[in-house]
Amino acid sequence: MKYKRILLKLSGEALMGTRQYGIDPVRLAEYAEDIKQITDLGIEVAIVIGGGNIFRGIAGASNGMDRVQGDHMGMLATIINGLALQSALEDANIPTRLQSAIKMNEIAEPFIRRKAMRHLEKGRVVIFGGGTGNPYFTTDSAAVLRAIEIEADVILKGTRVDGIYTSDPEKNADATRYESITFNDVLKKGLKVMDTTAFTLSQENKLPIIVFDMNTRGNLLKVISGENIGTTVNI
Ligand code: GTP
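Notes on the structure follow. (Residues numbered from 1 in each chain as written. Predicted model: local features only at pLDDT ≥ 70, side-chain atom pairs only at ≥ 80, totals over all residues. Heavy atoms only, no water.)

### Points about the overall build of the protein
Then step 1. Along its length, the protein carries eight helices and nine strands.
Then step 2. For 235 residues, the compact-globule formula gives about 18 Å, and the C-alpha radius of gyration of the protein, at 17 Å, lands near that figure.
Then step 3. Each principal axis of the C-alpha atoms in the protein carries an extent, and together these give about 50 × 50 × 35 Å.
Then step 4. When the 235 residues of the protein are sorted by exposure, 50% land in the buried category.
Then step 5. Residue pairs at least 24 apart in sequence account for 71% of intrachain contacts in the protein once pairs closer than 6 positions are excluded.
Then step 6. Accessible surface computed for the protein: about 11200 Å², of which carbon and sulfur atoms make up 49%.
Then step 7. Positive and negative side-chain charges of the protein, numbering 28 and 28 respectively, have mean locations separated by a distance of 4 Å. (Helix = DSSP H or I, 4+ residues; strand = E, 2+ residues; numbered from the N terminus. Rg over C-alpha atoms; globule rule 2.2 N^0.38 Å. Buried < 20%, exposed > 50% of the residue type's maximum accessible area, 1.4 Å probe, protein only. Contact = heavy atoms within 4.5 Å. Areas by Shrake-Rupley, 256 points an atom, 1.4 Å probe, with all protein chains shown as cover. Lys, Arg positive; Asp, Glu negative; His and termini not counted. Charge placed at Lys NZ, Arg CZ, Asp CG, Glu CD.)

Structure representation (structure tokens):
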């Protein structure tokens, strides 16, 4: 296998499946099965999940809500998703620990880097909830930060598009997918991978990002096996 320890970034919206909001249990179970395919191979898996299926801080701010207040609500949304994902993973017999960036000891253990790494070494999936614990940072930033902290080999960004395209494939029929691209080229061409804060943090720490379609079953295993089904961003 190409990677030993990965950080998987899942979008909150993807958890909606075919629904308009909230969590689709069928989608959750599918994710759990896909994750089990790689934990069964001994891959160490940490997960950061978004909260957009429940609440987006930015959307709150555009409706007149205080931005910090909105971001706090978004952080809590990621904990709800984290609990749901933990439950689905444990239904699939994958030992899982949820760590929160915001202290809420009755619900989740606090984020402790060394403990997270120990869990991973013991074969447990670790879900990091609560984003970075700070407003103005996205869950993509949380994903990159945690990936660097736990010394992950790569960050796998699961999306509904199967990689990075020369232009928006949902608007432009002749857009083509990059198999790999450098951080600098993404910036030069103005392509959208993550927000700039998250993206440059990854670049500065030489942490490769793979963008792939997480909603096609079995893709996670393919990415781990080194198949070129998404786009790899590298130095
Ligand atoms: P090892 O000691 O490495 O075997 O890890 P462990 O997670 O099995 O042991 P620990 O005794 O730390 O945790 C047992 C269970 O309690 C796990 O499900 C943890 O996620 C959970 N847990 C640990 N600390 C906290 C906490 O502060 N709050 C909550 N809610 N759960 C916790």
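### Thoughts on the site of the ligand
Then step 1. Taken together, R97, N105, E106, I107, A108, E109, P110, K115, H119, K122 and R124 make up all the residues around the ligand.
Then step 2. Here A108 contributes a backbone N or O atom positioned 3.3 Å from a nitrogen atom of the ligand.
Then step 3. A distance of 2.8 Å is found between an oxygen atom of the ligand and a side-chain nitrogen or oxygen belonging to K122.
Then step 4. Contact with the protein chains removes 53% of the 620 Å² of surface that the ligand exposes when unbound.
Then step 5. Each residue belonging to the shell around the ligand can be placed in one class, and the counts come to three nonpolar, two polar and six charged. (Near = heavy atom within 4 Å. Polar contact = N/O pair within 3.5 Å; in protein donor to acceptor, adjacent residues only side chain to side chain. Nonpolar A, V, L, I, M, F, W, Y, C, P; charged D, E, K, R; others polar.)

### Concerning the packing of aromatic side chains
Centre-to-centre distance and the angle between the planes together describe a pair of aromatic rings.
Then step 1. Under the criterion given, the structure shown has two aromatic pairs.
Then step 2. When the centroid spacing of 5.5 Å and the interplanar angle of 80 degrees are considered together, the rings of F111 and F128 count as edge-to-face. In this pair, F111 sits in the loop between strand 4 (109-110) and helix 4 (113-121) while F128 sits in strand 5 (residues 125-129), placing the two residues 17 residues apart along the sequence.
Then step 3. For F128, a relative accessible area of 2% translates into the label buried.
Then step 4. On the numbers, 5.0 Å between centres and 55 degrees between planes, the contact of F183 with F199 is tilted. In this pair, F183 is assigned in helix 6 (residues 183-189) and F199 in helix 7 (residues 196-204), connecting sequence segments 16 residues apart. Grouping residues by exposure puts F183 and F199 together as buried.
Then step 5. Over the ring of F111 we find R146, and its NZ or CZ is 3.6 Å from the ring centre. (Phe/Tyr/Trp six-rings, centres within 6.5 Å; stacked < 30°, edge-to-face > 60°. Lys NZ or Arg CZ within 6 Å of the ring centre and 35° of its normal.)

### Thoughts on helix 4
Two residues of an α-helix separated by three or four positions point the same way, owing to the 3.6 residues in each turn.
Then step 1. Those residues of helix 4 not exposed but buried are A116, M117, H119 and L120. Down the axis of helix 4, the buried side of the element spans an arc of 155 degrees, and every buried residue falls inside it. Exposed residues pointing more than 90 degrees away from the buried face of helix 4 are listed as R114 and E121.
Then step 2. Lining the buried residues of helix 4 we find strand 1 (5-10), strand 2 (44-49), strand 3 (96-100), strand 4, strand 5 and helix 5 (139-149).
Then step 3. Two residues or fewer past helix 4, G123 is found with a positive phi of approximately 85 degrees. (Arc of directions from axis to C-beta.)

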